[in-house]
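Analysis of the macromolecular model
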Amino acid sequence: MRVRTRWAVAAVGVVAGATWPVVPAMSASAAEVTTSLPGTSFSAVLVDDAHGHVYVTGADKLAVLDPYGALQQQVPLSGAAGMTLDGSTLYVALAQNGIAALDTATLAVERTFPTPAGSGICPAHLAATGGRVYFTYGCADSHGGLGSLDPATGTMTLGLGAATPDARPVAAAGGKLVTSADDGIDLYDLSGGTPALITSATPCTAPNTLAFNSGRILASCQAPSKGLALSATDLSVTGEYGSNNQPPVGIAGSADGSTVAVVTTTDYAPTVWVSSATGAALHDFPLPAGETIDYRGVGLSGTGSTAYAVSHLSHAYKLHVFTAEAQTPALTLTGPAKLDAGRPVTLTGTFGGGAGKQLAVTRTDLAGRHSLAAVTTAAGGAFTVTDKPGGGDNVYAVSFAGDDKWGPARASATVVVARRATAVSLRTDHSLYSYRAAAEVTIRLAGTSGTVCLANTTGQSTCTGTDRAGVARLSFHPMTHNTVLTASFAGNSTFAPASAKVRVHTSAQVQETLRGTRLGVLVQPYRPGATVRFTEQAVVHGKWRTVGTRTARLDGNSRAISGALGTIGRDRVYRVRASFVADGLNAASDGAWKTFRTR
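Quick caveat: nothing in here was measured; it's all calculated off a predicted structure.

**Concerning the overall build of the protein**
Each helix and strand in the protein was counted, giving zero helices and 55 strands. Computed over the C-alpha atoms, the radius of gyration of the protein is 34 Å, more than 25% above the 25 Å expected from 2.2 N^0.38 for a compact globule of 599 residues. On the principal axes, the C-alpha backbone points of the protein span a range of 110 × 65 × 50 Å. Within the protein, the proportion of its 599 residues that are buried is 48%.

What follows is the structure in structure tokens.
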């Protein structure tokens, strides 16, 4: 994450004697935080003030960031595109895969609604209202249109409204829905359950973003070079929002209706323009020259105090967070870097906003994140946090939500609590295994119990819990190569992590076929280029004696063939076999003797 301030001094948090940047202080201008986004594409950005999230889709995933721009989580979602919120549910369009519903608290996918069988549609933009999710769809090889999803039944209805050549922006609120059309914008009434056209109008050319906001419709279009406010009754223009006479590529309004953000993009001056509801200019936030702000790549916090913009340079995508509060206070938190087990900890800090301010306190430890009792600042902004942490890393964080004078701020400190040492022992039932055999493994954990994991050098792994005595038994299969088995214990609040290793070998499997005097061999696992040895024996003076040997390399099919190796006499009995020559990947192994008689 990169933090940049203009005409401002950065606030700092003190963490165990070290100084780290936190939310920067601002003048009447702004502070900017820039976060690199995962992936190489972008679809949509959505601000969720109620749950403290900023969602960004693209590159087959949903990136979840906090309001300050810190990446919190990535959720794999194939084809993730447009988004909409309905209370505690986030809906995400999944291109040809349907629509996913996620819990905004856990960010888990609760349900995926597939598109109707054989429809071949590609959901793109979403809008939730009145218990339904409306969506526009359109694939490269098919016509688009408007559809709806009833989450209660999972029913999707297609072909609503006018057909379009591709997926168009859509927005819905207050019993109405708006979407772009070939020659302008269509406004629909949803009161009857099915969208009914109210009016069509052409207030602008080629709309790229539409949004309902406090009883009006916001639109950004290829022309004119302004963001527009439209009447939710007849689509007439009721307001304009600033730009640099470049076509806007996105528009967003704050939930309280006080603020509108418009983004324009050129190679020289990509900019976020923030205006009041009446169109009066409040702030303009330029991005670095050369970056491009993506279509619909803009969002606003609920009060309009923070603007978000998604940009890219080449295939590197970023989220820019611009905070325009009047003041953001300095916030510090200091604690001991290390602590003995079982001891209480006291952390102290100062808050630049003075006395009487409540700060939220959390502790993140090995078991997860926990809310602690809030603290109230005393004279001079001083405060104290006391706690009794468990073993391992404990990250304490204090945060101020902001008020009418001070913006939000956050600071953190890490306290490492010593943990007792433990030992892991690892025992296998054999040191040499035949090809595709199962290794029976016993893992013992000294002095404690918990989850242990077993892994090999190829990345295969499995985990299980021990019994009360700290013993776990696992069957690890199939064994195909020489490997090092590693048993590991991740640690808990009392005991530190520990691991143990053991090297085991796996012999190759030799399969032979004798045709006349020619012996063919197939080696498993697949080992082209490995070496096999052919041995031929004959009965001499009543005993088998070796009469010839040769080595050969396995071909691209892991096979080799050898003919007779020595002088073949008449009316004699011979036997031949192939042996795999040990190397770094597999142990040696012999095939069975194959007997033949000459005439």
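**A short note on the confidence of the model for the protein**
Detailed reading of the predicted model is not advised wherever pLDDT is low. The predicted model of the protein has a mean per-residue pLDDT of 89, with 93% of residues at 70 or higher. Predicted confidence is poor over residues 2-29, with pLDDT under 50, and the contacts of this stretch with residues over four places away or in other chains come to 86 contacts.

**Observations regarding the side chain of Ser-589**
Secondary-structure assignment places Ser-589 in strand β54 (residues 589-590). Polar side-chain contacts of Ser-589 include one of 2.6 Å to the backbone oxygen of Ala-508. Those residues in contact with Ser-589 that lie beyond four places of it in its chain are Ser-507, Ala-508, Gln-509, Val-510, Ser-579 and Phe-580.

**A short note on the sheet that holds strand β5 (residues 44-48)**
If you walk across this open sheet you meet the four strands as β5-β6-β7-β8, and the pairing is antiparallel. The open sheet has two edge strands, β5 and β8 (71-76), and neither has a second partner. Between one strand axis and the next, the sheet turns through 20° on average, direction left out of account. Sheet analysis places strand β6 (residues 53-58) next to strand β7 (residues 61-65), joined by five bridges and oriented antiparallel. Within β7, the position partnered with Val-54 by the bridge is Leu-65.

**Focus: the state of the cysteines**
Counting across every chain of the model gives three disulfides. A sulfur-sulfur distance of 1.8 Å marks the disulfide that ties Cys-122 to Cys-139. Handedness here is read from the sign of the S-S torsion; for Cys-122 and Cys-139, about 105°, the answer is right-handed. Placement of Cys-122 in the loop between β12 (109-113) and β13 (123-129) and of Cys-139 in the loop between β14 (132-137) and β15 (144-150) is noted, with a sequence separation of 17 residues between them.

**Concerning the nonpolar core**
Counting residues in each nonpolar core, the largest one holds 21 residues, and the members touching the most others are Val-424, Leu-426, Val-441, Ile-443, Leu-454, Phe-476 and Leu-485. Ranked by residues supplied to this core, first place goes to strand β42 (residues 439-445) with four residues. Ignoring sequence-local partners within four residues, the contact set of Ile-443 consists of Val-424, Ser-425, Leu-426, Val-452, Cys-453, Leu-454, Gly-470, Val-471, Ala-472, Leu-474 and Ala-487. Core analysis: the second largest hydrophobic core is formed by 20 residues, Phe-383, Ala-411, Ala-413 and Val-417 among them.

**Considering the sheet that holds strand β21 (residues 205-213)**
What the four strands build is an open sheet, ordered β21-β22-β23-β24; its pairing is antiparallel. Looking at the sheet topology across the chains shown, the edges are occupied by β21 and β24 (237-241). Ignoring which end each strand starts from, the neighbouring axes of this sheet average 25° apart. Here β21 runs beside strand β22 (residues 216-223); their pairing, made up of seven bridges, is antiparallel. Bridge pairing in β22 links Asn-213 to Arg-216.

**Some details on the packing of aromatic side chains**
In the structure shown here, the tally under the stated rule is four aromatic pairs. For the ring pair Phe-351 and Phe-400, a centre distance of 4.7 Å and an interplane angle of 55° mean the geometry is tilted. Pair noted here: Phe-351 is in strand β34 (residues 345-351) and Phe-400 is in strand β38 (residues 392-400), with a separation of 49 residues, a long-range link. In this structure, Phe-351 and Phe-400 share a single accessibility class: buried. Lying across the ring of Trp-593, Arg-575 places its NZ or CZ 4.1 Å from the centre.

**Here we look at the environment of Ala-582**
With respect to the helices and strands, Ala-582 occurs in the loop between β53 (573-580) and β54. Classification of Ala-582 by relative accessible area gives partly exposed; the value is 47%. The spacing of Ala-582 and Leu-190 is 392 residues in sequence and 75 Å in space, taken between C-alpha atoms. The residues contacting Ala-582, other than those within four sequence positions of it, are Ala-587 and Ala-588.

**Quick notes on the environment of Tyr-55**
Summarising the element assignment, Tyr-55 is placed in strand β6. C-alpha separation for the pair Tyr-55 and Asn-482, spaced 427 residues apart in sequence, amounts to 46 Å.

**Thoughts on the pattern of salt bridges**
Within the structure shown, the criterion is met by six salt bridges. Taking the shortest distance from any N to any O, the salt bridge between Asp-387 and Arg-363 comes out at 2.7 Å. Of the two residues, Asp-387 sits in strand β37 (residues 382-387) while Arg-363 sits in strand β35 (residues 358-365), which places them 24 residues apart along the sequence. Just as Asp-387 is buried, Arg-363 falls in that class too. The partner of Asp-590 in a salt bridge is Arg-577, and the shortest N-O contact between them spans 3.8 Å. Linking Asp-590 in strand β54 with Arg-577 in strand β53, this pair joins segments that are 13 residues apart in sequence.

So, how was this worked out
- Residues numbered from 1 in each chain as written.
- Predicted model: local features only at pLDDT ≥ 70, side-chain atom pairs only at ≥ 80, totals over all residues.
- Heavy atoms only, no water.
- Helix = DSSP H or I, 4+ residues; strand = E, 2+ residues; numbered from the N terminus.
- Rg over C-alpha atoms; globule rule 2.2 N^0.38 Å.
- Buried < 20%, exposed > 50% of the residue type's maximum accessible area, 1.4 Å probe, protein only.
- pLDDT = per-residue confidence, 0-100.
- Contact = heavy atoms within 4.5 Å.
- Polar contact = N/O pair within 3.5 Å; in protein donor to acceptor, adjacent residues only side chain to side chain.
- Pairing = 2+ DSSP bridges.
- Axes fitted to C-alpha atoms, helices over the stretch in contact; angles between N-to-C directions.
- Disulfide = S-S within 2.5 Å.
- Core = buried A, V, L, I, M, F, W, Y, C linked by side-chain atoms within 4.5 Å.
- Phe/Tyr/Trp six-rings, centres within 6.5 Å; stacked < 30°, edge-to-face > 60°.
- Lys NZ or Arg CZ within 6 Å of the ring centre and 35° of its normal.
- Salt bridge = Lys/Arg side-chain N within 4 Å of Asp/Glu carboxyl O.

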